[in-house]
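Structural features, examined
Given next are the chains, with one letter for each unit.
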Amino acid sequence: MPSRLPPFEADLARASTLPAFAYTDAAILAAERDRIFRRTWQPIAHAADVAAPGSYVTGAVDGAPVVVTRDAGGVLRGFHNVCRHRAGPVASGKGARRSLTCKYHGWTYALDGKLVTTPELGEVKDFDRSCHGLRPVQAAVWGPIVFVNLDRDAEPLESVLGKIPDETRAFRLDAMKLVARKDYTLACNWKTYVDNFLEGYHLPTVHPGLFKELDYDAYRVETHRLYSAQIAPIRRARSEGGARHYAPTAEGELEALYYWVFPNWMLNVYPDNMSLNIVLPLGVDRTLTVFEWFRHDGATPEEIERTVRFSDGIQLEDIEICEAVQRGLASGSYEAGRFSALRENGVHHFQALVHEHLVRSR
Ligand code: FES
Ligand SMILES: [Fe+2]
C-alpha cells in the first residue's frame, strides 16, 4: 500500500506535504508500525528502575511486550517479554529478581535471557534448552529514560541522538527524577500531532498568549539526520518552563532546549526540569500523548503543579487544532498542501523521514 505514496520532494521550496490519505488509511498506519515504530528507539521505562544489578522493568513497543534487565554483573539487556514455551509473559511491572519466571507454566530465565528451568517437561525429544532463551532486543539508557529498539540491526541510540547528549550534558539529565505524568487521548493521526509540534508557524494564531512572550522572528528549527531542535528565544521575563515554544534564558543561565527525535518523542529541557512527550498511535485517527516531567531534587509540589498547569494550557490549544486538522484531512476535499519555506522546514524534514521509511525496500 505505501507504494501508492507519491514521491516526496526533497526541496522544501517545491515540496508538497504528505497526502491526506497518509493520515487516514489503516494500511499506511500498519506500514508505519512495521517500518517505523518497530525499527526505531522507543522510550519505554525509567532508568531508575534498572539502575541496580538484579533489577528489571517491563514495557511495550507498539504493543509488543518487552523487558529490560540489569544482570548481576551490571550489564543492561533487553528482551521480548514473551516466553519461548507458549508466549506467556516472563515478567510484569518492575522489581528485583535473580531470574524471571513465566506466569503461565513457570519456565524460568536468567537475567541474561538463558532458559534455566522447565518444570514438568517430561520426555521431550530434540529439545535443546540453550536454543530457547528469551529473544533479545536492543536496550539502552540515556538520561532518566530506558529505550528499546525491536530491530536488532538498527543503529545504536547514541548515534541517533547525535549532538543531543553533549548539548544537554550541563543539565545533568540523568540526575533528574520523574515527578509527574499526564496522558491525553487525541482524535487525530499521530503525524498530525508531530507535524504541529515541529513548527512555530501556528504560534501567533493558536497560542496568542505564548506568542506575546516569544521572539517569534528569531524562532527557528534546526534539522539533523534523525532529530531536530527548536530555538525559541523569550522576549520578556523568564518563564516557569514546562512546555516547548518556551526558552527561559537569563544572563548566566543555561538556555532551554527543545528536541524532537524521529519518529515520536520530544524532550523539552530547562535548567531545572525536563519533560518527555511520547506520541503513540492508537488508530489512524486516535493518538495517545504521554507527558512526563522530571526534576532535580528539591522541587516543591507547587512548583511541579505550576509547570504541569502551564504545559496543560498549551497542550489543550494544540489538541483543539490537531483534531480540527484531522477532520479536514478526512473531509475528502483535501489532497496535499504546500509548506512555508520560512517556517515549516521541521515538518518537511519529519515527513521526508516518514516517506523514506515507508518506501524503502528493507
Ligand atoms: S508460556 Fe511460559 S511457561 Fe508456558
Ligand atoms: Fe503548539
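Worth saying up front: this structure is predicted, and the values here are computed from it rather than measured.

Quick look at the overall build of the protein chain
Secondary structure summary: the protein chain contains 8 helices and 17 strands in total. A globule of 362 residues ought to have a C-alpha radius of gyration of about 21 Å, and the protein chain, at 22 Å, matches this closely. Scored against the burial criterion, the 362 residues of the protein chain give a buried share of 52%. Across the protein chain, contacts joining residues at least 24 apart in sequence account for 62% of those joining residues at least 6 apart. On the protein chain, roughly 16600 Å² of surface is accessible, and the fraction owed to carbon and sulfur atoms is 51%. Across the protein chain, the mean location of the 42 positive side-chain charges is 5 Å away from that of the 46 negative side-chain charges.

What to know about the coordination of the iron ion (ligand 2)
Looking at the iron ion (ligand 2), one finds its protein donor set to be H202 (NE2), H207 (NE2), D318 (OD) and D318 (OD), positioned 2.1 to 2.7 Å from the metal centre. Its 4 donor atoms give the iron ion (ligand 2) angles of 54 to 146° at the centre, a pattern that matches the irregular case. Mapped onto the sequence, the donors of the iron ion (ligand 2) take the spacing H-x4-H-x110-D. Pair noted here: H202 is in the loop between α4 (190-197) and α5 (203-206) and D318 is in helix α7 (residues 301-329), with a separation of 116 residues, a long-range link. Summarising the burial analysis for this pair, H202 and D318 share the class buried.

Side note on the pattern of salt bridges
Within this structure, the stated rule accounts for 17 salt bridges. Residue R4 is joined to D25 by a salt bridge in which the shortest nitrogen-to-oxygen separation is 2.9 Å. Separated by 21 residues along the polypeptide, R4 in the segment before α1 (26-35) and D25 in the segment before α1 bring together distant segments of the chain. Residue D25 is classed as buried on the basis of its relative accessible area, which comes to 16%. Note that D71 is salt-bridged to R77, the shortest N-O span being 2.4 Å. By relative accessible area, which is 12% here, D71 ends up buried.

A look at the domain arrangement of the protein chain
Domain boundaries assigned for the protein chain yield domain 1 (42-153) and domain 2 (163-359). The partner domain 2 presents 16 residues to the 8 residues of domain 1 that form the contact. Between domain 1 and domain 2, the buried area comes to about 950 Å², and carbon and sulfur atoms account for 76% of it. Summed over the shared surface of domain 1 and domain 2, the number is 0 salt bridges. Taken together, the links from domain 1 to domain 2 amount to 2 residue pairs in polar contact (both at pLDDT 80 or more). The set of elements that each furnish at least two residues to the side of domain 1 that touches domain 2 consists of β1 (42-46) and β10 (145-149).

Topic: the state of the cysteines
In this structure the tally under the stated criterion is 0 disulfides. C322 takes part in no disulfide bond, and the closest cysteine sulfur, belonging to C188, lies 4.9 Å away. Judged by relative accessible area, C322 falls into the buried class, the value being 1%.

Points about the layout of surface pockets
In this structure, the largest pocket occupies an estimated 480 Å³ of space. For the largest pocket, the lining is made up of 22 residues, of which D195, N196, E199, V325 and E344 are closest to its centre. Broken down by secondary-structure element, the contributors of at least two residues to the lining of the largest pocket are α4, α7 and α8 (345-359). The dominant element in the lining of the largest pocket, judged by the number of residues it contributes, is α7, at 4 residues. Estimates place the volume of the second largest pocket at around 380 Å³. Listed by contribution, the elements that provide at least two residues to the lining of the second largest pocket are β1, β2 (55-61), β16 (273-283) and β17 (286-295).

A look at the packing of α4 against α8
What describes two packed helices is the angle between their axes and the distance between those same axes. Close contact between α4 and α8 brings their axes to 8 Å; oriented N to C, the two are set at 145°. The element α4 and its partner α8 pack so that their crossing is right-handed. Taking contact as the criterion, the partners of W190, K191, V194 and D195 in α4 are, on α8, V347, F350, Q351 and V354. Looking at the contact of α4 with α8, its residues break down into 5 nonpolar, 1 polar and 2 charged.

Procedures and definitions
Residues numbered from 1 in each chain as written. Chains lettered and ligands numbered in written order. Predicted model: local features only at pLDDT ≥ 70, side-chain atom pairs only at ≥ 80, totals over all residues. Heavy atoms only, no water. Helix = DSSP H or I, 4+ residues; strand = E, 2+ residues; numbered from the N terminus. Rg over C-alpha atoms; globule rule 2.2 N^0.38 Å. Buried < 20%, exposed > 50% of the residue type's maximum accessible area, 1.4 Å probe, protein only. Contact = heavy atoms within 4.5 Å. Areas by Shrake-Rupley, 256 points an atom, 1.4 Å probe, with all protein chains shown as cover. Lys, Arg positive; Asp, Glu negative; His and termini not counted. Charge placed at Lys NZ, Arg CZ, Asp CG, Glu CD. Donors = N, O, S within 2.8 Å, 3.2 Å for Na, K, Ca; no water. Tetrahedral: all angles 85-135°; square planar, octahedral: opposite > 155°, others 65-115°. Salt bridge = Lys/Arg side-chain N within 4 Å of Asp/Glu carboxyl O. Domains from an automatic or database assignment. Buried area = accessible area lost by both parts, 1.4 Å probe. Polar contact = N/O pair within 3.5 Å; in protein donor to acceptor, adjacent residues only side chain to side chain. Disulfide = S-S within 2.5 Å. 1 Å grid on protein atoms, 1.4 Å probe; cavity = no way out; pocket = protein on both sides within 12 Å on 5 of 7 lines; lining within 4 Å. Points joined across faces, edges and corners; volume = space filled by probe spheres on them. Axes fitted to C-alpha atoms, helices over the stretch in contact; angles between N-to-C directions. Left-handed = near helix turned anticlockwise from the far one by under 90°. Nonpolar A, V, L, I, M, F, W, Y, C, P; charged D, E, K, R; others polar.

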